[in-house]
Amino acid sequence: MWYKIIPKDTLFFRDGKPFTMGSETWGETIFPPYPSTVYGAVRSWLIFERGSLKDFLDGKFEEDLGTKNKKGALSIKGPFLMTDELNFVPPLDLVIIKDKENTKDKDKLYPLYLLNKPEIFISDYPLENILIWQKREQVEEAEGYMTLIYLKTYLKGEDSIRILRQKEFFIHEPKIGIAREKLTCTAKEAHLYRVPMIRLKNEVSILIKIEGVKNIPQEGIIQLGGEGKTAKIQKIIDLTMGIENTMGIENIDIDISNGMFKIYFATPSIFENGWLPKWIDTKTFKGEYKGINLQLIGACIGEYKLIGGWDIANNNPKPMRKAIPAGSVYYFRILDNINIEKIMEAFHFKNISDIFPEEGFGLALIGVV
């Protein structure tokens, strides 16, 4: 079931860096929020829709929502940004040309080329193929979002892809504050801080798919992000509310007759071996996933993200973990005579993160090489 989340106010989502009042004065924000943040908000909403925190701790919702120390059947896919269609973080094997800000091609994305790694290559990059830019222009990582139409174009291996800038979706509203002494209500010395709040533009919402749980309310109010900000969560009931835009990505047709495919991660993914999934050998880069034998031949990965958070049930911080960012791309060679249907069933629109896939980490989409 697809639900959209409509914030009532500004939002604040912290990254994994420490922000201790009195030590740091500048808080960093991320957007879109990590899947675990949205998962926790939805789980809390469902707990209080069905009863109380005590009922949850007593195990009354164990099957669906889990208990204090384990997860239930609840899982999500997303989050995504939605306007009149879905929007995605650009794949990292697409780049934008620098210094074209005032031209008609300022928002056009260009693909990197997958080539055999040269014999003389000074790097600790271990895979047999590299992704490089072969033309003279200087390029940089694209910042913004791709619509579903352009993402489908990318996954099918076609050109003419453009991005929308972040300013089309949200703006930053800096908030400046200072702590106060409880007794005197005067300002504390060295406790001035600044955080960049996020305000979504009109008609922009956050979209998720909730799975594994039945009897979910049609709508409700959830707490999302820092400072206990509220948002409306609403089930998408009819086609006019945008659900038709999801169907094209779940059932995309691609051609892998060349024996290769790539996985684009629409959400961050946490792997046990850092950037490498646990089912891939760290020396040969071969592995088996759900009966499919593959070899990782190339990858385009951004800077790792720190995933943490606060465990409300146990009232302590969650362990900090490194994740590859959304937009990362992995290239695979198929080692068996496997048809596209089996590969799509195993990977496409599935959460394949080694850790916390039920929370929305590691949403994979299959594309053409």
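Residues numbered from 1 in each chain as written. Predicted model: local features only at pLDDT ≥ 70, side-chain atom pairs only at ≥ 80, totals over all residues. Heavy atoms only, no water.

## Digging into the sheet that holds strand β8 (residues 139-141)
Stage number 1. Spatial strand order, β8-β4-β5-β10: 4 strands in an open sheet with antiparallel pairing. Each edge of the open sheet is held by one strand with a lone partner, namely β8 and β10 (161-162).
Stage number 2. Pairing between strand β5 (residues 108-111) and β10: 2 bridges, direction antiparallel. Note on β10: the bridge partner recorded for K108 is R162. (Pairing = 2+ DSSP bridges. Helix = DSSP H or I, 4+ residues; strand = E, 2+ residues; numbered from the N terminus.)

## What about a negative patch on the surface?
Stage number 1. A contiguous patch of negative charge on the surface is contributed by D99, E140, E141 and E143.
Stage number 2. Tracing the chain through its elements places D99 in the loop between β4 (94-97) and β5. (Patch = residues over 30% accessible without salt bridge, like charges linked within 9 Å, V, L, I, M, F, W, Y side chains within 5 Å. Areas by Shrake-Rupley, 256 points an atom, 1.4 Å probe, with all protein chains shown as cover. Salt bridge = Lys/Arg side-chain N within 4 Å of Asp/Glu carboxyl O. Lys, Arg positive; Asp, Glu negative; His and termini not counted. Charge placed at Lys NZ, Arg CZ, Asp CG, Glu CD.)

## Details of the environment of I292
Stage number 1. By the secondary structure assignment, I292 is in strand β18 (residues 292-300).
Stage number 2. Residue I292 is classed as buried on the basis of its relative accessible area of 0%.
Stage number 3. Taking the C-alpha atoms as reference points, I292 and G362, 70 residues apart in sequence, are found 18 Å from one another.
Stage number 4. In contact with I292, not counting residues within four places along its chain, are G287, D336, I338, K342, I343, A346 and F347. (Buried < 20%, exposed > 50% of the residue type's maximum accessible area, 1.4 Å probe, protein only. Contact = heavy atoms within 4.5 Å.)

## Digging into the side chain of T267
Stage number 1. Tracing the backbone through its elements, the reader meets T267 in the loop between β16 (260-265) and β17 (286-289).
Stage number 2. For T267, a relative accessible area of 2% translates into the label buried.
Stage number 3. A polar contact of 3.2 Å, which involves the side chain of T267, links it to the backbone nitrogen of G362.
Stage number 4. What T267 contacts, discounting residues up to four positions off in sequence, is P35, G78, P79, A326, G360, F361, G362 and L363. (Polar contact = N/O pair within 3.5 Å; in protein donor to acceptor, adjacent residues only side chain to side chain.)

## Some words on the packing of aromatic side chains
Stage number 1. Counted according to the given criterion, the structure contains 21 aromatic pairs.
Stage number 2. Geometrically, the ring pair formed by F13 and F31 is tilted, given 6.1 Å between the ring centres and 35 degrees between the ring planes. Residue F13 is located in the loop between β1 (2-7) and α1 (35-50), and its partner F31 is located in the loop between β1 and α1; the two are separated by 18 residues in the primary sequence. Across the pair, exposure class does not vary: F13 and F31 are buried alike.
Stage number 3. Consider the rings of F265 and F271, whose centres lie 5.9 Å apart with planes at 75 degrees: the pair is edge-to-face. You'll find F265 and F271 in the same group, each marked buried.
Stage number 4. Cluster of aromatic residues (ring-pair linked, three or more members): F261, W279, Y289, F332 and F347.
Stage number 5. A cation sits over an aromatic face here: K322 above Y304, 4.4 Å from the ring centre. (Phe/Tyr/Trp six-rings, centres within 6.5 Å; stacked < 30°, edge-to-face > 60°. Lys NZ or Arg CZ within 6 Å of the ring centre and 35° of its normal.)

## A look at the pairing of strand β23 (residues 329-334)
Stage number 1. By the criterion of burial, β23 is predominantly enclosed, with 5 of the 6 residues buried.
Stage number 2. As paired elements, β16 and β23 share 5 bridges and run antiparallel to each other. Note on β23: the bridge partner recorded for Y264 is V329.
Stage number 3. Here β18 runs beside β23; their pairing, made up of 6 bridges, is antiparallel. Bridge pairing in β23 places C300 opposite V329.

## Some words on α1
Stage number 1. Between its first and last C-alpha, α1 extends 23 Å over 16 residues, near the 22 Å set by a 1.5 Å rise per residue.
Stage number 2. Every buried residue of α1 is listed here: P35, S36, V38, Y39, A41, V42, R43, W45, L46 and I47. (Expected span 1.5 Å × (residues − 1).)

## Topic: the confidence of the model for the protein chain
Stage number 1. Within the protein chain, residue pLDDT values average 87, and 91% of them lie at 70 or more.
Stage number 2. Predicted confidence is poor over residues 239-244, with pLDDT under 50, and the contacts of this stretch with residues over four places away or in other chains come to 10 contacts. (pLDDT = per-residue confidence, 0-100.)

## Digging into the environment of R162
Stage number 1. Looking at the secondary structure, you find R162 in strand β10.
Stage number 2. Considered as a pair, R162 and M146 are 16 residues apart in the sequence and their alpha carbons are 6.8 Å apart.

## Thoughts on the sheet that holds β17
Stage number 1. Read across the open sheet, the 6 strands follow the order β17-β18-β23-β16-β25-β24; overall the sheet is antiparallel. One side of each edge strand has no neighbouring strand; the edge strands of this open sheet are β17 and β24 (350-351).
Stage number 2. By the bridge criterion, 4 bridges tie β17 to β18 in an arrangement that is antiparallel. Each bridged residue has a counterpart across the sheet, and for G287 the counterpart in β18 is L294.

## Some details on the side chain of D354
Stage number 1. Along the chain, D354 turns up in the loop between β24 and β25 (363-367).
Stage number 2. K278 is the oppositely charged side chain nearest to the buried, salt-bridge-free D354, at an N-O distance of 5.1 Å.
Stage number 3. In terms of polar contacts, D354 uses its side chain to reach the backbone amide nitrogen of E272, at 3.1 Å.
Stage number 4. There is a polar contact of 2.8 Å between the side chain of D354 and the backbone nitrogen of K278.
Stage number 5. In this structure D354 touches I270, F271, E272, L276, P277, K278 and W279, once residues within four positions along its chain are discounted.

## What about the environment of E303?
Stage number 1. Of note, E303 is situated in the loop between β18 and β19 (305-307).
Stage number 2. Sequence spacing of E303 and T186 is 117 residues, and the spatial spacing of their C-alpha atoms is 41 Å.

## Regarding the nonpolar core
Stage number 1. Of all hydrophobic cores here, the largest spans 68 residues; its most connected members are F261 and F347.
Stage number 2. Counting residues per element, this core draws most heavily on β18, at 6 residues.
Stage number 3. Residues contacting F347, with those up to four places away along its chain left out, are F261, I263, W279, Y289, I292, L294, I352, A364 and I366. (Core = buried A, V, L, I, M, F, W, Y, C linked by side-chain atoms within 4.5 Å.)

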